[in-house]
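As a plain string of letters, each chain reads:
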Amino acid sequence: MIPEDALAAVRWLAHQAVVAQRWQVAQELLAGCMALSPDRWTALTLARVALAQADGTTARDAAADQLRRDPQDHDAAVYYARALLLLGERAEAARWLAGRPGVLAAAIRQRVG
(Lines give C-alpha, C1' and ligand atoms only; values in the text may rest on other atoms or scores of the structure.)
Protein backbone atom coordinates (compact mmCIF):
# COMPACT_ATOMS: atom_id res chain seq x y z
CA MET A 1 0.00 0.00 0.00
CA ILE A 2 1.37 3.38 -1.03
CA PRO A 3 0.79 6.22 1.45
CA GLU A 4 -1.60 8.88 0.15
CA ASP A 5 0.95 11.65 0.76
CA ALA A 6 3.42 9.83 -1.51
CA LEU A 7 0.81 9.63 -4.27
CA ALA A 8 0.01 13.30 -3.77
CA ALA A 9 3.71 14.12 -4.19
CA VAL A 10 3.90 12.13 -7.43
CA ARG A 11 0.73 13.85 -8.71
CA TRP A 12 2.31 17.22 -7.86
CA LEU A 13 5.44 16.26 -9.80
CA ALA A 14 3.26 15.18 -12.72
CA HIS A 15 1.48 18.54 -12.62
CA GLN A 16 4.83 20.34 -12.67
CA ALA A 17 5.88 18.27 -15.69
CA VAL A 18 2.63 19.21 -17.47
CA VAL A 19 3.19 22.89 -16.73
CA ALA A 20 6.72 22.58 -18.14
CA GLN A 21 5.34 20.63 -21.13
CA ARG A 22 7.57 17.68 -20.28
CA TRP A 23 4.95 15.35 -21.72
CA GLN A 24 6.86 12.07 -21.50
CA VAL A 25 7.84 12.59 -17.87
CA ALA A 26 4.28 13.60 -17.02
CA GLN A 27 2.85 10.58 -18.83
CA GLU A 28 5.11 8.15 -16.98
CA LEU A 29 4.30 9.65 -13.58
CA LEU A 30 0.57 9.71 -14.32
CA ALA A 31 0.57 6.15 -15.61
CA GLY A 32 2.15 5.06 -12.33
CA CYS A 33 -0.50 6.92 -10.34
CA MET A 34 -3.25 5.32 -12.43
CA ALA A 35 -1.85 1.88 -11.71
CA LEU A 36 -1.68 2.53 -7.97
CA SER A 37 -4.72 4.69 -7.23
CA PRO A 38 -6.74 6.01 -10.17
CA ASP A 39 -8.78 9.16 -9.69
CA ARG A 40 -10.51 11.69 -11.95
CA TRP A 41 -7.70 14.25 -12.08
CA THR A 42 -5.08 11.63 -12.88
CA ALA A 43 -7.18 9.96 -15.58
CA LEU A 44 -8.11 13.21 -17.31
CA THR A 45 -4.61 14.64 -17.08
CA LEU A 46 -3.14 11.43 -18.47
CA ALA A 47 -5.63 11.53 -21.34
CA ARG A 48 -4.75 15.17 -22.08
CA VAL A 49 -1.00 14.50 -21.94
CA ALA A 50 -1.35 11.43 -24.16
CA LEU A 51 -3.34 13.44 -26.71
CA ALA A 52 -0.61 16.11 -26.67
CA GLN A 53 1.84 13.35 -27.64
CA ALA A 54 -0.52 11.82 -30.24
CA ASP A 55 -0.78 8.66 -28.12
CA GLY A 56 -4.37 7.76 -28.86
CA THR A 57 -4.29 4.38 -27.15
CA THR A 58 -3.21 5.75 -23.78
CA ALA A 59 -5.64 8.68 -24.08
CA ARG A 60 -8.52 6.34 -24.92
CA ASP A 61 -7.69 3.98 -22.06
CA ALA A 62 -7.36 6.78 -19.49
CA ALA A 63 -10.61 8.44 -20.57
CA ALA A 64 -12.41 5.07 -20.63
CA ASP A 65 -11.18 4.38 -17.10
CA GLN A 66 -12.76 7.62 -15.88
CA LEU A 67 -15.95 6.92 -17.83
CA ARG A 68 -16.25 3.58 -16.04
CA ARG A 69 -16.19 5.47 -12.74
CA ASP A 70 -18.51 8.25 -13.95
CA PRO A 71 -20.34 7.67 -17.27
CA GLN A 72 -21.63 11.25 -17.19
CA ASP A 73 -18.18 12.89 -17.03
CA HIS A 74 -18.23 15.22 -20.04
CA ASP A 75 -14.50 15.95 -19.92
CA ALA A 76 -13.66 12.25 -20.03
CA ALA A 77 -16.16 11.78 -22.86
CA VAL A 78 -14.54 14.55 -24.91
CA TYR A 79 -11.08 13.04 -24.40
CA TYR A 80 -12.43 9.60 -25.31
CA ALA A 81 -13.92 10.92 -28.55
CA ARG A 82 -10.73 12.81 -29.42
CA ALA A 83 -8.69 9.66 -28.78
CA LEU A 84 -10.95 7.62 -31.08
CA LEU A 85 -10.51 10.23 -33.80
CA LEU A 86 -6.74 10.22 -33.30
CA LEU A 87 -6.76 6.43 -33.67
CA GLY A 88 -8.62 6.79 -36.96
CA GLU A 89 -11.79 5.25 -35.55
CA ARG A 90 -14.05 7.90 -37.08
CA ALA A 91 -17.09 5.67 -37.48
CA GLU A 92 -16.86 4.50 -33.86
CA ALA A 93 -16.39 8.09 -32.65
CA ALA A 94 -19.42 9.21 -34.68
CA ARG A 95 -21.57 6.37 -33.27
CA TRP A 96 -20.36 7.05 -29.78
CA LEU A 97 -20.98 10.81 -30.00
CA ALA A 98 -24.40 10.40 -31.63
CA GLY A 99 -25.80 9.16 -28.34
CA ARG A 100 -24.20 11.99 -26.38
CA PRO A 101 -25.16 15.38 -27.88
CA GLY A 102 -23.87 17.23 -24.81
CA VAL A 103 -20.44 15.70 -25.33
CA LEU A 104 -20.37 16.77 -28.97
CA ALA A 105 -21.21 20.34 -27.96
CA ALA A 106 -18.47 20.25 -25.30
CA ALA A 107 -15.97 18.93 -27.85
CA ILE A 108 -16.83 21.75 -30.24
CA ARG A 109 -16.48 24.34 -27.47
CA GLN A 110 -13.11 22.84 -26.48
CA ARG A 111 -11.83 23.04 -30.07
CA VAL A 112 -13.17 26.57 -30.68
CA GLY A 113 -12.53 28.08 -27.28
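It should be noted that the structure appears before, not after, this text.
Here the structure is a predicted model, which is why all the values come from computation and not from measurement. (Residues numbered from 1 in each chain as written. Predicted model: local features only at pLDDT ≥ 70, side-chain atom pairs only at ≥ 80, totals over all residues. Heavy atoms only, no water.)

Peer 1: Give a detailed account of the pattern of salt bridges, specifying residues and quantitative values.
Peer 2: Between side chains of opposite charge, a pair can form as their charged atoms come close. In this structure the tally under the stated criterion is nine salt bridges. Among the ionic pairs, Asp73 bridges to Arg40, the shortest N-O distance being 2.6 Å. With Asp73 in the loop between helix H4 (56-69) and helix H5 (74-86) and Arg40 in helix H3 (residues 40-52), the pair connects residues that are 33 residues apart, well separated along the chain. For Asp73, a relative accessible area of 3% puts it in the buried group. By relative accessible area, Arg40 is classed as partly exposed at 40%. For Arg68, the salt bridge identified is with Asp65, shortest N-O distance 3.6 Å. Placement of the pair is Arg68 and Asp65 together in helix H4, with a separation of three residues, close to one helical turn. The exposure class of Arg68 is exposed, given its relative accessible area of 60%. Here the salt bridges share partners, and the residues they tie into one network are Glu4, Arg11 and Asp39. (Salt bridge = Lys/Arg side-chain N within 4 Å of Asp/Glu carboxyl O. Helix = DSSP H or I, 4+ residues; strand = E, 2+ residues; numbered from the N terminus. Buried < 20%, exposed > 50% of the residue type's maximum accessible area, 1.4 Å probe, protein only.)

Peer 1: An account of the nonpolar core is requested, with residue identities and associated values reported.
Peer 2: For soluble globular proteins, the rule of thumb is that nonpolar side chains tend to be buried together. Residues Ala26, Leu30, Leu67, Tyr79, Tyr80 and Trp96 are the most contacted members of the largest nonpolar core, which totals 28 residues. Looking at this core, the elements with two or more residues in it are helix H1 (4-19), helix H2 (23-36), H3, H4, H5 and helix H6 (90-98). Once you skip the residues sitting within four places of it in the chain, Leu67 turns out to touch Asp73, Ala76, Ala77, Tyr80 and Trp96. (Core = buried A, V, L, I, M, F, W, Y, C linked by side-chain atoms within 4.5 Å. Contact = heavy atoms within 4.5 Å.)

Peer 1: Could you give an account of H4, naming the residues involved and the relevant values?
Peer 2: Every α-helix carries 3.6 residues per turn, so stepping three or four residues along brings you back to the same face. Across its 14 residues, H4 extends 20 Å between first and last C-alpha, which sits within 8% of the 20 Å expected from 1.5 Å per residue. Those residues of H4 that sit buried are Gly56, Ala59, Ala62, Ala63, Ala64, Asp65, Gln66 and Leu67. Taken together, the buried residues of H4 touch H2, H3, H5 and H6. (Expected span 1.5 Å × (residues − 1).)

Peer 1: Provide a residue-level description of the environment of Ala63, including the pertinent values.
Peer 2: Tracing the backbone through its elements, the reader meets Ala63 in helix H4. Given a relative accessible area of 0%, Ala63 falls into the buried group.

Peer 1: If you had to explain unusual backbone geometry to someone new, which residues and values would you point to?
Peer 2: Its identity is not glycine, yet Gln21 carries a phi of approximately 55°, on the positive side. The phi angle at Ala54 is positive, at roughly 60°, despite the residue not being glycine. Within the secondary structure, Ala54 sits in the loop between H3 and H4. The exposure class of Ala54 is exposed, given its relative accessible area of 53%.

Honestly, that's just the spatial picture; any functional story needs more than this.
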